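Per-entry structural report
Below, each chain spelled out in residue letters.
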Amino acid sequence: NFWTLTDSGHYLDIARDWYLSEGIIDRLVQLVFLPGYPIAVRLMHLIVPDWVMAGLLVSWLSFSGALSVGYHLLRIDYGHRESLRVLKYLCIIPGSFFFVSPMSESLFLLLSLGCVYLARTRRLALGCLVGALAAFTRSLGLMLFVPVCMELVHETVNAPRGERRYARFLWLVLIPAGFGAYCFINYQVAGNPFQYMI
C-alpha cells in the first residue's frame, strides 16, 4: 500500500477508472494529472493483473529505456566514460526515487530524451511524435518545442541553399498537439478544456 500513498494512487485510479466528472472531490481533482502514464499502466495491466505492479513495471521499464536512450544521446557529443558518468549521477541523486515509483517521471524522461535524440539524428517526424507523447504525459513536455526547433534551425542554416526545406518546421506542431489532446480530454470530462487550471 506504500505506493498508493503518494500521487501514485491518483495515477493508478485514473488508469483503472479514467477521469470522473462526478463524485468525491479527491477524484474530481485528478484531472490535473495528464493521461500519458495512466494509459501506459492500463496497457501494462493487460499483461500484469495487479495495478500497482503494472505501474511499477511501466516506471522500471521506462527508466531503463531512458538510461539507454540517454546514453546514445550523450554519445553524440561526449565519450563513453563521460556519458556513463552522467547516467550514474542520474541514478544516485535523491530524486531518482521518483523514477522507480508508479508515477509519470520515468516515462516522461524516456519520451523527452527520445524526442531530442530523434531530432538530433535527423528523424524529425518521429521525434516530434514522441515529443507529442511527452506533452501528453507531463505539461513540461511542451518545452521540447524549443530544443527541436533549435535543432531544425541549426540544420537549415548549415544546409546548402538549394537543400533547405522549411516545410519541415510544420512537424513542430505535433508537440503542442499532444498537450492539446489532454485539453480535449478536459473538455470531454468537465466541459472546459482548461479545467485542470481550476
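For the structure, see preceding data.
Reading the values: rules and limits
Residues numbered from 1 in each chain as written. Predicted model: local features only at pLDDT ≥ 70, side-chain atom pairs only at ≥ 80, totals over all residues. Heavy atoms only, no water. Helix = DSSP H or I, 4+ residues; strand = E, 2+ residues; numbered from the N terminus. Buried < 20%, exposed > 50% of the residue type's maximum accessible area, 1.4 Å probe, protein only. Contact = heavy atoms within 4.5 Å. Areas by Shrake-Rupley, 256 points an atom, 1.4 Å probe, with all protein chains shown as cover. Lys, Arg positive; Asp, Glu negative; His and termini not counted. Charge placed at Lys NZ, Arg CZ, Asp CG, Glu CD. Axes fitted to C-alpha atoms, helices over the stretch in contact; angles between N-to-C directions. Parallel < 35°, antiparallel > 145°, perpendicular 65-115°, else oblique. Left-handed = near helix turned anticlockwise from the far one by under 90°. Nonpolar A, V, L, I, M, F, W, Y, C, P; charged D, E, K, R; others polar. Salt bridge = Lys/Arg side-chain N within 4 Å of Asp/Glu carboxyl O. Phe/Tyr/Trp six-rings, centres within 6.5 Å; stacked < 30°, edge-to-face > 60°.

1. A word on the overall build of the chain
The secondary structure content of the chain amounts to 9 helices and 0 strands. In the chain, the order of α-helices and β-strands from amino to carboxyl end is α-α-α-α-α-α-α-α-α. In terms of its C-alpha atoms, the chain occupies a principal-axis envelope of roughly 60 × 40 × 30 Å. A burial count over the chain gives 41% of its 198 residues as buried. Residue pairs in contact within the chain that sit at least 24 positions apart in sequence constitute 60% of those at least 6 positions apart. Approximately 11,100 Å² of the chain is accessible, and the part contributed by carbon and sulfur atoms is 67%. Both charge centroids of the chain, one from 15 positive and one from 12 negative side chains, sit 13 Å from each other.

2. Here's the deal with the packing of helix α1 (residues 8-17) against helix α4 (residues 51-75)
Between α1 and α4, the shortest axis-to-axis distance is 10 Å and the interhelical angle comes to 110 degrees. Of the possible angle classes, the one that applies to α1 and α4 is roughly perpendicular. Along this stretch, α1 crosses α4, giving a crossing that reads as right-handed. The residues of α4 that touch α1, namely those facing L12, A15 and R16, are W51, V52 and G55. Residues of the contact of α1 with α4, tallied by class, amount to 4 nonpolar, 1 polar and 1 charged.

3. Focus: the pattern of salt bridges
According to the stated counting rule, one finds 7 salt bridges in the structure shown. Where R16 meets D17, a salt bridge forms, and the shortest distance between an N and an O atom there is 3.5 Å. Its relative accessible area of 35% is what places D17 among the partly exposed residues. Among the ionic pairs, E155 bridges to R168, the shortest N-O distance being 2.8 Å. Taken together, the residues span a long stretch of sequence, with E155 in helix α8 (residues 145-158) and R168 in the loop between α8 and α9 (174-190) at a distance of 13 residues. In this structure, E155 and R168 share a single accessibility class: buried.

4. Quick word on the packing of aromatic side chains
Within the structure shown, the criterion is met by 10 aromatic pairs. Here F179 and Y182 contribute two aromatic rings whose centre-to-centre distance is 5.5 Å and whose plane-to-plane angle is 55 degrees, an arrangement assigned as tilted. Residue F179 and its partner Y182 are both found in helix α9; the two are separated by 3 residues, about one turn of the helix. By relative accessible area, which is 0% here, Y182 ends up buried. Considering the side-chain rings of F179 and Y196, the 5.7 Å spacing of their centres and the 90 degrees angle between planes classify their relative orientation as edge-to-face. Taken as a pair, F179 in helix α9 and Y196 in the segment after α9 lie far apart in primary sequence, 17 residues in all. Among the aromatic residues, ring-to-ring pairing joins F179, Y182, F194 and Y196 into one connected group.

5. Some remarks on unusual backbone geometry
In this structure, W18 takes a positive phi of about 65 degrees despite not being glycine. Look at W18 and you get partly exposed, because its relative accessible area is 31%. Of note in the backbone geometry, R122 takes a positive phi value of approximately 65 degrees without being a glycine. Tracing the backbone shows R122 in the loop between α6 (105-120) and α7 (124-137).

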